[in-house]
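Coordinate analysis (summary)
Chain by chain, the residues run as shown.
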Amino acid sequence: MANIFLVLVLLTNFRILSSSRMAASIYWIAVQGVLLGLFALSAESGGPSVEMVGVSVTAIALKGVIFPRLLFRAVRDVQVRKELKPYVGYVASMLIGLLGLVGAMWLGAHLNVPIVGGNPLVMQVALFSIFAGVFMIISRKMAVMQVVGYLAMGNGIYVLGLGSFSQTSFLIEIGVLLDLFVAVFLMGITIDHIQRAFGHVNSHELRSLKG
Amino acid sequence: MTLWTLLLIPVATGILCLIPSSEKGVLRMMIAGVTAAGAAGGYAIYRVLSGGPVYAWSNWLFLDALSAYHLGVMLLVYILSSFFAWLYFGVELEEKNFHLSHAKMFCGLWCAALAAMTLIMVSNNIGIMWIGVEATTLLTAFLIRIHLSRYVLEAMWKYMIICSVGIAFAFMGTILFVLAMPASAVSSNDALLWTHLVREADKLSPALVKAAYIFLLVGYGTKAGLAPMHNWLPDAHSKAPAPVSALFSGFMLNASLYCIMRYLPVVDKATGGSGWPLTFLMGFGALSIIIAAAFILFQRDLKRLLAYHSVEHLGIITLGLGLGGIGTFGALFHTLNHSLCKTLSFFAAGRLGQIFGTQDMHRMKGGMKLSRVWGIGILASLLALIGIAPFSLFMSEFQILKAAVDGGHILIVVIFLLGTASVFVGALAHAIPLAWGQPPEDVEKAEGGVMDYALVMIPLVILLVLGVWMPSELNQVLQQASSILKG
C-alpha cells in the first residue's frame, strides 16, 4: 500500500512540472500533501503508532488544506493566472523531469541508505521530489510557482524524514512541519506585497538589484 | 535553568515590546531585554569557562567552549546593535518616518531573532539547531521590510527563497547524518545529539556521512553567504535598515557557519581522520575571497560594498577552518574581529546614509567634514576590514596565512594574497573620498552625541587592543573551542 502512495506522489510531481496554471499547481501540490499523510499511516509494517498518526494528521491538515488555502489567498487578486513563458518550457521540463527520475532511481538504489522497512522506493521518490522542487524554483518566473516548487522539495525531504522516523523523533518531525507552515505563510504574505507593489507576481521582474 | 533563561528573556521581551504606547518606549523595552539577555549570557559563559559544559533538558541543550564563544560574540553584536537602533530609528522618528507599528514590528522580531540565534548556540540536538537556523531566516526576512519598497521586496523575496532552499538542503543533510548511524547504536532520544554523534562517530557509515556533509555544507553555506551561494546577501544587506544589516553581517552569517563547524569533528572522525571535510572548506573559502574581491572593485553602493566584504571575510574564516592547526585558532579569532568591525562599519554606513540621503558612494564624499565621528567610524572600519595593522583583523588574517604557508598550500597562499590585495586597493579607493572628499553642498553637517562616540569607540578600541594584546581568558576559550573542532 505504501508503494502505491509513493508512486502517486511521483506522478503528482510530473503533473506539477507540466502545469502552466497557478490554480492547478496549487491543487496538485495539495493532493501530494494528502498522499504523503496517507503514506505516513501505511509506512510502518505493524500498523501506525500514535506518534505516526499525529504526524499524518498534521501533514494532511497543513500540506493538504492550510498551505493551499494560504496560496490561493495570496493570489486571489492576481490578474495573470498562467505562467506562459517559464525559463524552461513545459515539454522540456517533462523531459528533464524524466532524466531526474532516472538519476533519482539510480542514486536511490546505490546510496544504500538504511530506510525503515528497507524500501528503496522511499529514497528514490524523496530524491526525485527534491529534484523536481528545486527545478521548479529555478525554471519558473511566477513567485507562486516557486513556492509550489519549494513545497514539492519540502515534501521530498518529508518522505525521507518518514523513512528514517524510527531513528529521529516525533518532536523534530512536527517542528519541521510547523516551520514549513510559517515559511509558506510568510511567503504568501510576501507574494501579496509583491502583487500590490508591482501589480504582478512575476519574480523575473524582480531584478533591479544587481552587481 | 541558566540555558532556559537565555531563551526565555528574549521571547518574553519580544512579547512585552507589543505593550508600550510610544515608539521610544518600545525601543527602551527592547534594549532592556537585550541587555538582560546579555547579562544572563555572560553568567552562562562564565560557568562554562570556570566549570566546563553546561547541560539542560535531557542534554538537548548545552553550552561548551565553542558555543559559549559564539554566544559571547553574538551578544556583543546584539547589544551594540540594539543601542544603535535607538540612535538610527531616533533620527527616523524625528523625520516622522518611524511609527509605533514599525517599532513594535522591529523590536518584536529583533527579540525573537535573538531567541532563535540563541537556540542555535545552545542546541545539542542537530534537529533543534536546524529549526533555530530556519526560524532565524523567517524572522529576519521581515526585519528587512521595516520600510516597504519595491527594492526591499525584491531583496526579501530573494533572501527567503534562496535561504529556504539552502536550509532545506541542510535538513536533507541532517536526516542523512542520522541515517548514517547504525540503528543498534542509538536510542531514538539521543540519535540527534551532537555529543552522542561525536562519541559514536567511528560507527557512522562513511559514504552516507560524506553525502550528508555535502548537503550540510551547501545548505548552511548558503545562509553563511559563502560563494557561489551568496547571491541573496548583497541585496538583503543593502536594503535592510542599518541595525539589521549590522546584525546580518555581524553575526547571522556566523551562526550558520557555526552549524557547519559543529559537524567538522564528527565528519572528520567518521571518514578516517584524514581531513576529508577540510578540503571543501578550503575550496569554498578561496572561492568566496576571489568572488568578493572582484565585486568589491566595482561597487557604487556603500552597503553593498560592505556586504561583499562579508562574503570575503566569511571566506577567510572558512579558509582558516579548512587549513586546520593555527588556522582554526585564527578563524575563530577572526570571527570576533570581523563581527565587531562589520557591526561598526554598518553603523557608520547607516548614519552616513541618513546624513547624505543616499548610499551611492559617488555622492557620499567628505564624510569626515559632515560628521567627524561617523567619518572616523567608516574610515577606521574600512581600514580594519582590509587588514591594516595594528587592528586585530590583521593578526587573525596573518595566523590564517601562516597556517596556509606552514601546510604548504601554495595555491591557497596565492589566492589569499591576490584576493586580499585586490580588496585592499578597491576598498581604499572608496575609503579615501568617502572620508576626505568634497561633500555635496546641499548636505547639512550632523555632529554626534555621547552615544554616537561610544558606538564608534567601543568596537574600535577593542579591535585595536586585541591587535596588540590578547587577554588570557580569550586565549583560553579560543584554545578550548579550537580543540573541540579538532575532535
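In case you missed it, the structure is sitting above this.
Throughout, residues of each chain are indexed from 1 in the direction in which the sequence is written. Lettering for chains starts from A, numbering for ligands starts from 1, and both go in the order in which the items are written. Confidence filtering applies because this is a predicted model: local features only for residues at pLDDT of at least 70, side-chain atom pairs given and counted only at 80 or more, and all residues used for totals across whole chains, interfaces and linings. For the side-chain quantities, the full set of heavy atoms in the structure was used; hydrogens and water were omitted.

What follows is about the overall build of chain A. By the criteria applied, helices consist of DSSP H or I runs no shorter than four residues and strands consist of E runs no shorter than two, each listed in order from the N terminus. Along its length, chain A carries 7 helices and 0 strands. The linear arrangement of helices and strands in chain A, starting from the amino end, is α-α-α-α-α-α-α. Each residue is assigned to one of three classes by its accessible area relative to the maximum for its type, calculated with a 1.4 Å probe on protein chains only: buried under 20%, partly exposed between the two thresholds, exposed over 50%. Buried residues in chain A amount to 59% of all 211 residues. Put simply, of all contacts in chain A between residues at least 6 apart along the chain, 77% involve residues at least 24 apart. Using the Shrake-Rupley algorithm and a 1.4 Å probe, accessible areas are obtained, with residue cover drawn only from the displayed protein chains. Accessible surface, chain A: about 8500 Å² in total, of which carbon and sulfur atoms supply 67%. Any pair of residues with heavy atoms lying within 4.5 Å of one another is described as a contacting pair.

Turning our attention to the packing of aromatic side chains. Stacked, edge-to-face and tilted are the three classes for Phe, Tyr and Trp ring pairs, Trp counted by its six-membered ring, which pair at centre distances within 6.5 Å; planes under 30 degrees apart are stacked, over 60 edge-to-face, the rest tilted. Considering all chains together, one arrives at 25 aromatic pairs over all chains under this definition. In this structure an aromatic cluster arises from ring pairing among Tyr78, Phe84, Tyr88, Phe89, Phe98, Phe106, Trp110, Phe347 and Trp374 of chain B. Charges are assigned to positions over rings by a cutoff of 6 Å between ring centre and Lys NZ or Arg CZ, combined with an angular limit of 35 degrees from the ring normal. Here the guanidinium or amino end of lysine 63 of chain A rests over the ring plane of tyrosine 158 of chain A, the centre of that ring lying 4.9 Å away. The ring of tyrosine 87 of chain A carries lysine 141 of chain A above its face, with NZ or CZ at 5.2 Å from the centroid.

With that settled, consider the nonpolar core. Residues and elements named next belong to chain B. Ranked by internal contacts, the top residues of the largest apolar core, which has 254 residues, are Met30, Phe106, Leu176, Phe177 and Trp374. Look past the residues within four positions of methionine 30 in its chain and what remains in contact with it is Thr13, Cys17, Ser82, Ala85, Phe106, Cys107, Trp110 and Cys111. To form a nonpolar core, buried Ala, Val, Leu, Ile, Met, Phe, Trp, Tyr and Cys residues must be joined to one another through side-chain atoms within 4.5 Å. Core analysis: the second largest hydrophobic core is formed by 14 residues, Met282, Ala286, Leu319 and Val413 among them.

Tracing the backbone shows glutamine 146 of chain A in helix H6 (residues 143-163). When near neighbours in sequence (up to four residues on either side) are disregarded, glutamine 146 of chain A contacts Ile137, Arg140, Lys141 and Ser203 of chain A together with Trp157 and Ile161 of chain B.

All names here are of chain B. A fitted line through C-alpha atoms serves as each axis, taken over the contacting stretch for helices, and the angle formed by two N-to-C directions is quoted from 0 to 180°. For the pair helix H8 (residues 206-224) and helix H10 (residues 242-270), interaxial distance at closest approach is 9 Å and the crossing angle is 170°. One element, H8, and the other, H10, form an angle in the roughly antiparallel class. Considering the relative orientation of H8 and H10, their crossing is left-handed. Touching Pro206, Val209, Tyr213, Leu216, Leu217, Tyr220, Gly221, Lys223 and Ala224 of H8 are Met252, Leu253, Ser256, Leu257, Cys259, Ile260, Tyr263, Leu264, Val267 and Ala270, all from H10. Any angle that falls under 35 degrees is termed roughly parallel, while one over 145 is termed roughly antiparallel, one within 65 to 115 roughly perpendicular, and all others oblique. Crossing handedness follows the turn of the near helix against the far one: under a right angle anticlockwise gives a left-handed crossing, and clockwise gives a right-handed one.

This part takes up the pattern of salt bridges. Residue and element names in this part refer to chain B. Here a salt bridge means any side-chain nitrogen of Lys or Arg lying within 4 Å of a carboxyl oxygen belonging to Asp or Glu. This structure, assessed with the given rule, holds 8 salt bridges over all chains. In this structure, aspartate 64 engages arginine 262 in a salt bridge whose closest nitrogen and oxygen atoms are separated by 2.6 Å. Of this pair, aspartate 64 sits in the loop between strand S2 (61-63) and helix H3 (65-94) while arginine 262 sits in helix H10, and the two are 198 residues apart along the sequence. Each member of the pair, aspartate 64 together with arginine 262, is buried. One salt bridge connects aspartate 235 with arginine 304, and the closest N-O pair in it is separated by 2.8 Å. Of the two residues, aspartate 235 is situated in helix H9 (residues 232-239) and arginine 304 in helix H12 (residues 302-323); the sequence distance between them amounts to 69 residues. Across this residue pair, the class does not change: aspartate 235 and arginine 304 are buried. Residues participating in the shared-partner salt-bridge network are Glu154, Lys158, Asp235 and Arg304.

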